[in-house]
Structure formats: structure tokens, C-alpha cells
Amino acid sequence: MQTSLCLLAALLLSTSAKAQAPLIVPKPVAAALEQVQPAAIKAHIAYLADDRLLGRKAGTPGYQMAVDYVTQQLKTLGVQPAGEGGTFIQKVRLRRAFLQPGAAFTARDAQGAAMPLTAGPDYVVYPSPELPATSVKDAPLAFAGFGINAPELGYDDYAGLDVKGKVVMIVRGAPRTFASTVASASQDLAGLLKAAINHGAVGLILASAHAGALPDLKNGTYSVLGADGKVAVSRTFAPGSRQQFYGAVSAATLQRLLQASGLDTTQAFAAMRNGKPASAGLKTTISASAQATYQDIESYNVVGKFVGSDAKLLDEYVVHSAHLDHLGVAAPVRGDSIYNGAHDNASGVACVLEIAKVYSRLKDRPKRSMLFVFMTGEELGLLGSSAFAANPTVPKAKIVSDINMDMPTIIAPLLSVVALGAPHSTLIECVKKACAYMVLDLEPDPEPEQNRFIRSDQYSFVTAGIPALHLKYGNKTADGRNNLSEDVQKWRAATYHKPQDDINGRFDFEAGRKYVQLCFLVGYQVAQAPARPQWNKGDFFGQRYGQR
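Overview of the structure. None of these values were measured; they are calculated from a predicted model. (Residues numbered from 1 in each chain as written. Predicted model: local features only at pLDDT ≥ 70, side-chain atom pairs only at ≥ 80, totals over all residues. Heavy atoms only, no water.)

Quick word on the packing of aromatic side chains
According to the stated counting rule, one finds 14 aromatic pairs in the structure shown. With a centroid separation of 5.2 Å and an interplanar angle of 75°, the aromatic rings of Phe453 and Phe541 are classed as edge-to-face. Here Phe453, found in the loop between strand E20 (441–443) and helix H13 (458–462), pairs with Phe541, found in helix H16 (residues 540–545); they are 88 residues apart in sequence, far enough to count as distant. For Phe453, a relative accessible area of 3% corresponds to the buried category. An aromatic cluster of at least three residues, connected via ring pairs, comprises Phe306, Tyr359, Phe372, Phe520 and Tyr524. Between Arg95 and the ring centre of Tyr294, over which it is positioned, the NZ or CZ distance is 4.2 Å. When the ring centre of Phe306 is taken as reference, the NZ or CZ atom of Arg365 above it lies at 4.0 Å. (Phe/Tyr/Trp six-rings, centres within 6.5 Å; stacked < 30°, edge-to-face > 60°. Helix = DSSP H or I, 4+ residues; strand = E, 2+ residues; numbered from the N terminus. Buried < 20%, exposed > 50% of the residue type's maximum accessible area, 1.4 Å probe, protein only. Lys NZ or Arg CZ within 6 Å of the ring centre and 35° of its normal.)

Describing the pattern of salt bridges
Inspection of the entire model under this criterion finds 14 salt bridges. A salt bridge links Asp315 to Lys398, with the nearest nitrogen and oxygen atoms 3.4 Å apart. Here Asp315 is found in the loop between strand E13 (280–306) and strand E14 (317–323), whereas its partner Lys398 is found in the loop between helix H11 (383–390) and strand E18 (399–404), with 83 residues between them in sequence. Through salt bridges that share partners, Glu34, Glu510 and Arg513 make up one connected network. (Salt bridge = Lys/Arg side-chain N within 4 Å of Asp/Glu carboxyl O.)

Focus: the side chain of His323
The topology assignment puts His323 in strand E14. According to the relative accessible area criterion, His323 is buried, its value standing at 0%. Here Asp325 takes part through its backbone oxygen, which lies 3.0 Å from a polar atom of the side chain of His323. Among the polar contacts made by the side chain of His323, one reaches the side chain of Asp344 at a distance of 3.0 Å. (Polar contact = N/O pair within 3.5 Å; in protein donor to acceptor, adjacent residues only side chain to side chain.)

Considerations on the pairing of strand E16 (residues 336–339)
Taken together, the three bridges between strand E15 (residues 328–333) and E16 define a ladder with antiparallel strand orientation. Following the sheet pairing, Val333 is matched in E16 by Asp336. (Pairing = 2+ DSSP bridges.)

Notes on the pairing of strand E10 (residues 221–225)
Along E10, five of the five residues are buried, which leaves the element largely enclosed by surrounding structure. The alternating pattern of E10 places Thr221, Ser223 and Leu225 and Tyr222 and Val224 on opposite faces, both of which are buried. Bridge count between strand E2 (residues 89–99) and E10: five bridges; the pairing is antiparallel. Of the residues in E10, the one forming a bridge with Ala97 is Thr221. Examined bridge by bridge, E10 and strand E11 (residues 231–233) share two bridges and lie antiparallel to one another. Across the sheet, Val224 pairs through a bridge with Val233, a residue of E11.

Some details on helix H10 (residues 342–360)
Under the 1.5 Å per step criterion, the end-to-end length of H10 is 25 Å for 19 residues, consistent within 8% with the ideal 27 Å. Burial runs high along H10: 18 of the 19 residues are buried. (Expected span 1.5 Å × (residues − 1).)

Here we look at the nonpolar core
With 82 residues, the main nonpolar core has Phe105, Phe143, Val168, Met169, Ile205, Leu371 and Phe541 as its most contacted residues. Looking at which element gives the most residues to this core, the answer is helix H7 (residues 189–198), with six residues. Not counting residues up to four positions away in its chain, the partners in contact with Met169 are Leu141, Ala142, Phe143, Ala144, Gly145, Ile205, Ala207, Val249, Leu254, Leu257, Leu258 and Leu282. Counting 74 residues, the second largest nonpolar core, distinct from the first, contains Cys351, Ala356, Cys430 and Leu471. (Core = buried A, V, L, I, M, F, W, Y, C linked by side-chain atoms within 4.5 Å. Contact = heavy atoms within 4.5 Å.)

Brief notes about the side chain of Glu379
In this fold, Glu379 is placed in the loop between strand E17 (369–375) and H11. Despite its burial, Glu379 pairs with no opposite charge; the closest candidate is Arg56, at 7.0 Å N-O. Ignoring anything within four residues of it in the chain, the contact list for Glu379 reads His323, Asp325, His326, Leu327, Asp344 and His497. (Lys, Arg positive; Asp, Glu negative; His and termini not counted.)

Here we look at helix H4 (residues 38–48)
When we look at burial in H4, the residues that qualify are Ala40, Ile41, His44, Ile45 and Leu48. One side of H4 holds all its buried residues, which, seen down the axis, span an arc of 135°. Buried-residue contacts for H4 involve helix H5 (61–76), H10 and helix H15 (509–528). (Arc of directions from axis to C-beta.)

Regarding the environment of Cys351
With respect to the element layout, Cys351 can be found in helix H10. The sequence separation of Cys351 and Pro61 amounts to 290 residues, and the corresponding C-alpha distance is 23 Å. Among all residues touching Cys351, those that are not within four sequence positions of it are Met405, Gly512, Tyr515 and Val516.

What about the packing of helix H12 (residues 427–438) against H15?
Interhelical geometry of H12 versus H15 gives an angle of 135° and a closest axis separation of 9 Å. Here H12 lies oblique to H15, going by the angle between them. The handedness of the crossing between H12 and H15 comes out as right-handed. Contacts from Leu427, Glu429, Cys430, Val431, Lys433, Ala434, Cys435, Tyr437 and Met438 of H12 reach H15 at Lys514, Gln517, Leu518, Leu521, Val522, Gln525 and Val526. Looking at the contact of H12 with H15 residue by residue, the classes come out as eleven nonpolar, two polar and three charged. (Axes fitted to C-alpha atoms, helices over the stretch in contact; angles between N-to-C directions. Parallel < 35°, antiparallel > 145°, perpendicular 65-115°, else oblique. Left-handed = near helix turned anticlockwise from the far one by under 90°. Nonpolar A, V, L, I, M, F, W, Y, C, P; charged D, E, K, R; others polar.)

Right, here's the structure in full:
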């Protein structure tokens, strides 16, 4: 890949990309990029997705094999340990909470009559990951719409609503007026729960807006414990609180609870979608009790670094991240029960390892230090990345950005990309220049309704105030039909989170090579720039999380 390509790329790309000054890549860096080998990417994926690792579920021997593999690869490349105590690992204490038989849930109308509700189809009660026994008795129920508290947007479902000592019920969603990424972030369960508890609620009910089965909790729920043994990260419990209840109800139960208080659900939902809160105190009361037991598990993030070359900037870090875990062994699909996770996310891990290999070939390291983070518990709710972002193994204030790699979906030639999260910060300029150099189109998200911005580990960095992005495939195809997202949807339906996601599936390893080169170039620019990335002025995420 020669540096003269940047002028050609600038002519071929869109008007916005043309306006960018071309990216000048030093010849030694360009030469190192040329050495990225599709076969090396394939070899990493083949090992990590082998049946011997039994799906790499966090805390299992198979996951430990993946930890050992990645650690050995980093050592071979000369990457320095950046975990705890001079090692490559950061311990993540996972708590698996199980609901014990005998949990009770009763809703009573204004006359005190109990509504006939059945556990499973009508409601589910979640185990508390911190309090072995919880209960609420005759707690008033309050409907808080979407449960969004966003003063940055002039929107607050809690405005004028008293929820102290009450159980709050919300519907997951966001007003149509919200931008897609903001709408996604507004539906983050940890944030919704925190808002309810901060307003004085004793519990939260998450209501389904559409028909469908409620979660089956027989396999337990997962949280992260801090060093003090208390819950540090959870999507069903607010850390530091005495929260007494978390549950979910079906769409039909939601209708009954609202209508019992005379609330016109059609009118309320229409108002909410149009950006007008429809919150209200209800005439219904809730009583519930539950007991929980726990299984505590140790798992690990893997962290390595290359130290930067600039005396003033080497204590700042650019992160390349990928989650190392997958789903383990579960219900068989077409005769196979090992969920190998070749694309999700052995492919992302392979790409981070190959980026580290590029840096290992450079005589002159970039100005900032590079941090390579492989995280556990993504499939359990972004738990490993949340633990790392909250308590990183380097000073949090010194992490300047995260470039995350999660299932880049290398199943077809890589001709265009989507930079999830990048438009919220100056990282977008790095992406534009890298795309121009690589002769790749930069496109908007073809599937914003999938909420991918909040569904992978980059979002843990965002909520820690760190500008972050996740590069995904775009829609461009070689035949000009530009409908790759349709093809991906079909592939995903047959493969995603199924045992069929193995090394024998559909891969384009040359696309993987280009993806490695692209992500490297984004991170390299950040590492070399005089100024660290900044949130855009007035940006929602910068306003909410960026004050570090």
C-alpha cells in the first residue's frame, strides 16, 4: 500500500471525504500494513473457535484456553503486560444470581382486588445480585413512560412524577424526535434503572410494548462484583442502593395495569412517541418477595501495551478492544450444541492481535501508548468492558479513545464501512482520512433500529467519558446493488448466536485484512495527533459523560 494512493482515494470518495487533507502514512508504516496476512487472521479464528474451547463462555476452562492463547500471542509480539500486578490479566468477579422457588408477585387494583397473573407468561421476577432476600409490600405503582431522564435534550419522563417509595414501570423505547444513537443510549437498562432509583423508587418493572415471551431466568442473571464484594456493574440492580425489586411484565399485563387506572394506552403511547411524556401515578399497588442464591465466578480481561515514543504523550493510551467470550455450550441447533463464536467474536480478537503485530514491526513507535484489551462477559451484558472502563489498569483520565472490534462480519469484500459512535467526536475525522487512504466509502448505519451502538463494548468506554467507535461493514457491493445489509441479515438469521458460527462458515479473509488495516490507521492517527480526541460541541454523549 503506497502513500500515493491517498491522492487517488481523495478523488474517488464522497464530497465530504474530498475535503479532508490526505492521510500521509510513513513508508515504514505502510510497509508494515502490507504485511498483514489473511491466513494469520484465519489461524487465530480457527484456534479460538475450535470445539476444544467449548464456546469460550466466561469463567469456563474453554475461556481460560482463549485467555492463555491471547496472552501467549501478545508475549510473542513483544507486547508488555498491562494488567494487574505486572501480569496480562485483570480479574473480573462475576456473580451469577438464581431465583429460588417461592417468589411472589401480586398486583392489586384500586379496590384492593388481586389481578389474576401467572408467573412466566404474565410476569417474571428477577433475583437480586446483592440482597439474598427482597420484598415490597403494597408499594404504589407509577408509570414513567420510557423512563428517560435527559435534561440535555429537554426531556424528562420523571418531571412532576413522585416515585419515592414506589415501584416504577417503564416501556423500553424512545421518542421519534431522538437521533438514532441517542435513542439507543436512552434505552440502556443500567441507565434506566439508575434513573428510577435516583428518583427514590424501590423497584423497577420493565414492560414489553409488543407481544412476545418474557425472559427465561432459569440460567440465572450476571453482574460484576467489586473488590468490596458489592455489586459494581449490573443491569438489574443499581449499585450502592437497597433496591428491593426488579421484574418484567408482558404487553398484555402492561395494558391491564394501565387500564386499571383509567389510562388511555393508545393516547399515552402516541404522545410518548411524539416526545411528550405521559407519566402518571397509578391506582395499582405491588407486593413482591424473592430469595436469591449465588454462584461467584472468576473470569479475566487480557490487557497488553506498547509504550509510546513521545515523552509528553506516552502516558496517554489509545485502546484497541475486542471481546473474547462467547456463549459456551447450549441448546443444540441442527445437531450441534457448541456455540463456537467464530465471527462473534474470534474475528474481532484476531483483528486486534494482527494490529498489535503491525505495531510490533515498527521501529519507530507512535507518540501515544497503545493498549490492547480483550474483554470477558460481553455476551452477559458488556460486563468485562464495564468493569475495565470503570476501573482500568491504567489511569482512566489517560485513556483518550477506544476503537472496538466486534464481529466485523467479514463475509464479503469490504468496500464501505459504518463508524458507529465516531460522528459524536473528532474521531470521525480520523475515520474519514483512513477510509480515503483505503479507498473505502463511509456510510450511515443501514440498520439503526438494531441499536448496535449500545450493544457492544465501545459503549462502556463512552459511558466512562471516553470517545469511542465501532467500525462495521457498510452496504456497498461489487455489483453496484449496494444491498450488503440484506445479505448480512440473511446470514445472521442462519448463523448469529448459533453453533453454525464456526470456522467452516462463510468468510472473506481478505476483507479481514482490509479491516485490520483500516482500524490500525484510525488508531495510529489518534496516537500521533498533538491533541487527544474531543467530543463535539454540544454533543449529547459529551454533555452527559464527557466531564472527566
